[in-house]
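Residue-level structural notes
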Amino acid sequence: MSHDLYGEILLDHYRLPRNHGRLENPTITVEGTNPLCGDELTLDLEFTGDHLTNISFSGRGCAISVAATSMLTELLKGKTIHEIEEWTGNFRTFIREGKAPDGVDMGDIQSLAGVAQLPVRVKCATLPWTTLEQGLVRYKGT
Amino acid sequence: MKTITEIRKDFPILNMKVNGKSLVYLDNAASSQKPVQALDAFCRFCESRYANVHRGVHTLGEHATTDYEAARTKVAEFVNAPSSKGIIFTRGTTESINLVAYAFGRRFVKHGQAILLTPMEHHANLVPWQLMAKSVGAELRFWPMKPDGTLDMEAGKKLLDSSVALVAITHVSNVLGTINPVREIALMAHQVGAKVLVDGAQAVPHMPVDLTEIDADFYAFSGHKMLGPTGIGVLWGRLDVLEDMEPFLTGGEMIKEVYLDHATWNDLPYKFEAGTPPISEAITLSAAISYLNDVGMEWVYSHTRALTSKAYELLSQEPGVTVYGPAVDRGPVVAFNVAGIHPHDLAALLDQEGVAIRAGHHCAQPLMRWLEVQATARASFYLYNTMEEIDVMMDAIRMAKKVLRVA
Ligand SMILES: Cc1ncc(COP(=O)(O)O)c(C=O)c1O
């Protein structure tokens, strides 16, 4: 099972996380934790209108949560809130069923397919998405 | 005397392949595997002697009652309890401790008194006391530890004054492996009039335990960590203390006479065994104890000690690895971290090589904070593990370092 889990794409994101660090002037900073593993994640979000113009992350976590966060930032930087919500739905389906919804190309995220079979690790891959959702709620409320 | 090869044959699960590799099961502190002798005992009992206990006057009812009570005697002898009447069957250590927290704590621990614990307790020996202390207005105190993860006896003595109603302490830490001097602590506690509960979940499976010698007031352990089934555990209590307590769970079995508006309590130990008890589990546990007796607890202790020493030594020498807990005189658990690798990734990568270890906070979050870590990996050993399996684990750790490119 875990064989394919730690594949080259995932390891690449783990070793060289994209958009890692802090933003100078984030519109919203949101934190997420996974008490079971002790993963801690901070997302800095910069919005311009309804566009997520910049995003970065910091914190600590396992390879799966770091790679999943890195992939998320790469995928969603520059997207509109509407598009982000659509991707969040796609990701939920993907992590529940282990495969992308019909006609959707998950890109690098596809490499997380094995996580769907590991209930204990699903939370690691989902953490950046639930954290981002909280960020969106906060932004929309402002 | 069985050889290790013969012992391993008694545990069919050890022949399993995991991810194409031979299983190396090093998560014994979480739960142990079961020998065929225990599984057979379960089947034989259910096939030929099963019925509810202490009720029917029919033949099967009598057979089941005889076997169930024989299991109680077997447990009492195994831990040299002063009397088998003080052996109460529960669902596990957790329920045993909750029983004491409710039936003893809420009745006898008074407002302003203290409960003395240690920072190395499993949540099962911490959270029940938090709730109980809150409900009666008692204070929780924590026995300080030295940097090596052993108790600071001098510092603890200062906290152990006459305001302490109860000392609740683990016999062997499920993370650090520390073996606490429970005999000495029971003596000290009794001198100031405090009662003592010992969490023996990690001790009884691994070393000869003599309850008469330890002389605590309560001692708790679980069947599933000592080759027995899940769903059964033990609370031993001193008879005079148990006599003074009110019941914990109520219903059938635990009563003597019931009227519409009140009831009187059954004799010990039945007063604390409400409802249909874990009958077949008790019979299976009894067979597991027979197995441990056949192998010999002295042998189990020295064998797992040798495994632990080897693992501790190899892990300590491995670059980037931090090992937690005392270097010597420890139980068969070794918690560690590999720099740059989250324990969950390590456990997942070891699983790829067939090696089962635990990763996480091990139900000891305050201890994780004390160690200043989020989580650790943990290898824990039992009578069926071999020296070669530790080498397999070390190779798998090196492989994990390579995969995650940790030097
Ligand atoms: C030291 C210690 N105490 C208590 C427990 C709880 O045991 P159980 O889950 O069987 O009730 C455990 C096992 O996880 C333990 O290691």
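Just above sits the structure.
The rules we used
Residues numbered from 1 in each chain as written. Chains lettered and ligands numbered in written order. Predicted model: local features only at pLDDT ≥ 70, side-chain atom pairs only at ≥ 80, totals over all residues. Heavy atoms only, no water. Helix = DSSP H or I, 4+ residues; strand = E, 2+ residues; numbered from the N terminus. Rg over C-alpha atoms; globule rule 2.2 N^0.38 Å. Buried < 20%, exposed > 50% of the residue type's maximum accessible area, 1.4 Å probe, protein only. Areas by Shrake-Rupley, 256 points an atom, 1.4 Å probe, with all protein chains shown as cover. Lys, Arg positive; Asp, Glu negative; His and termini not counted. Charge placed at Lys NZ, Arg CZ, Asp CG, Glu CD. Contact = heavy atoms within 4.5 Å. Pairing = 2+ DSSP bridges. Salt bridge = Lys/Arg side-chain N within 4 Å of Asp/Glu carboxyl O. Axes fitted to C-alpha atoms, helices over the stretch in contact; angles between N-to-C directions.

In this section: the overall build of chain A. Scanning chain A from N- to C-terminus turns up 5 helices and 3 strands. In chain A, the succession of helices and strands from N to C terminus is α-α-β-β-β-α-α-α. For chain A, the C-alpha radius of gyration of 14 Å lies close to 14 Å, the compact-globule estimate for 142 residues. Each principal axis of the C-alpha distribution contributes one length, and for chain A these read about 45 × 35 × 25 Å. Residues counted as buried form 52% of the 142 residues belonging to chain A. Summed over all atoms, the accessible surface of chain A reaches about 6500 Å², with 52% contributed by carbon and sulfur. Computed over 13 positive and 19 negative side-chain charges, the inter-centroid distance for chain A is 5 Å.

One can find Leu 36 of chain A in the loop between strand E1 (28-34) and strand E2 (39-48). Taking the C-alpha atoms as reference, Leu 36 of chain A lies 9.1 Å from Val 120 of chain A; in sequence the two are 84 residues apart. The contact partners of Leu 36 of chain A, leaving out residues within four places of it in the chain, are Lys 123 of chain A together with His 344 and His 361 of chain B.

This paragraph deals with the pairing of strand E10 (residues 233-237) of chain B. Residue and element names in this part refer to chain B. Counting buried residues in E10 gives 5 out of 5 residues, a clear majority hidden from the surface. The alternating pattern of E10 places Gly 233, Leu 235 and Gly 237 on one face and Val 234 and Trp 236 on the opposite face, and all of these are buried. When strand E4 (residues 87-90) meets E10, the two strands line up antiparallel, connected through 4 bridges. Bridge assignment links Ile 88 to a residue of E10, and that residue is Leu 235.

The next subject is the pattern of salt bridges. All names here are of chain B. Inspection of every chain in the model, using the stated rule, returns 30 salt bridges over all chains. In this structure, Arg 55 engages Glu 253 in a salt bridge whose closest nitrogen and oxygen atoms are separated by 3.2 Å. Here Arg 55, found in the loop between helix H2 (36-48) and helix H3 (59-78), pairs with Glu 253, found in the loop between helix H9 (239-244) and strand E11 (255-258); they are 198 residues apart in sequence, far enough to count as distant. Judged by relative accessible area, Arg 55 falls into the partly exposed class, the value being 43%. One salt-bridge network, in which partners are shared between bridges, spans Glu 318, Asp 395, Arg 398 and Lys 401.

Residue and element names in this part refer to chain B. Spatially, 4 strands are ordered E13-E14-E17-E16 in an open sheet, and the strand pairing comes out antiparallel. A single partner strand is all that each edge strand has here, and the edge strands are strand E13 (321-324) and strand E16 (358-360). Taken pair by pair, the neighbouring strands of this sheet meet at an average axis angle of 30°, ignoring direction. Inspection of the sheet shows E16 paired to strand E17 (residues 376-380) by 3 bridges, in the antiparallel sense. When the sheet's bridge partners are listed, Ala 359 is paired in E17 with Ala 377. This element, helix H11 (residues 297-317), spans E13 and strand E14 (333-338) of the sheet and lies at about 15° to E14. In the packing of helix H12 (residues 343-352) onto the sheet, the strands contacted are E14, E16 and E17, and the crossing angle to E16 comes to about 160°.

Fair warning: the whole summary comes from geometry, so function is off the table for now.
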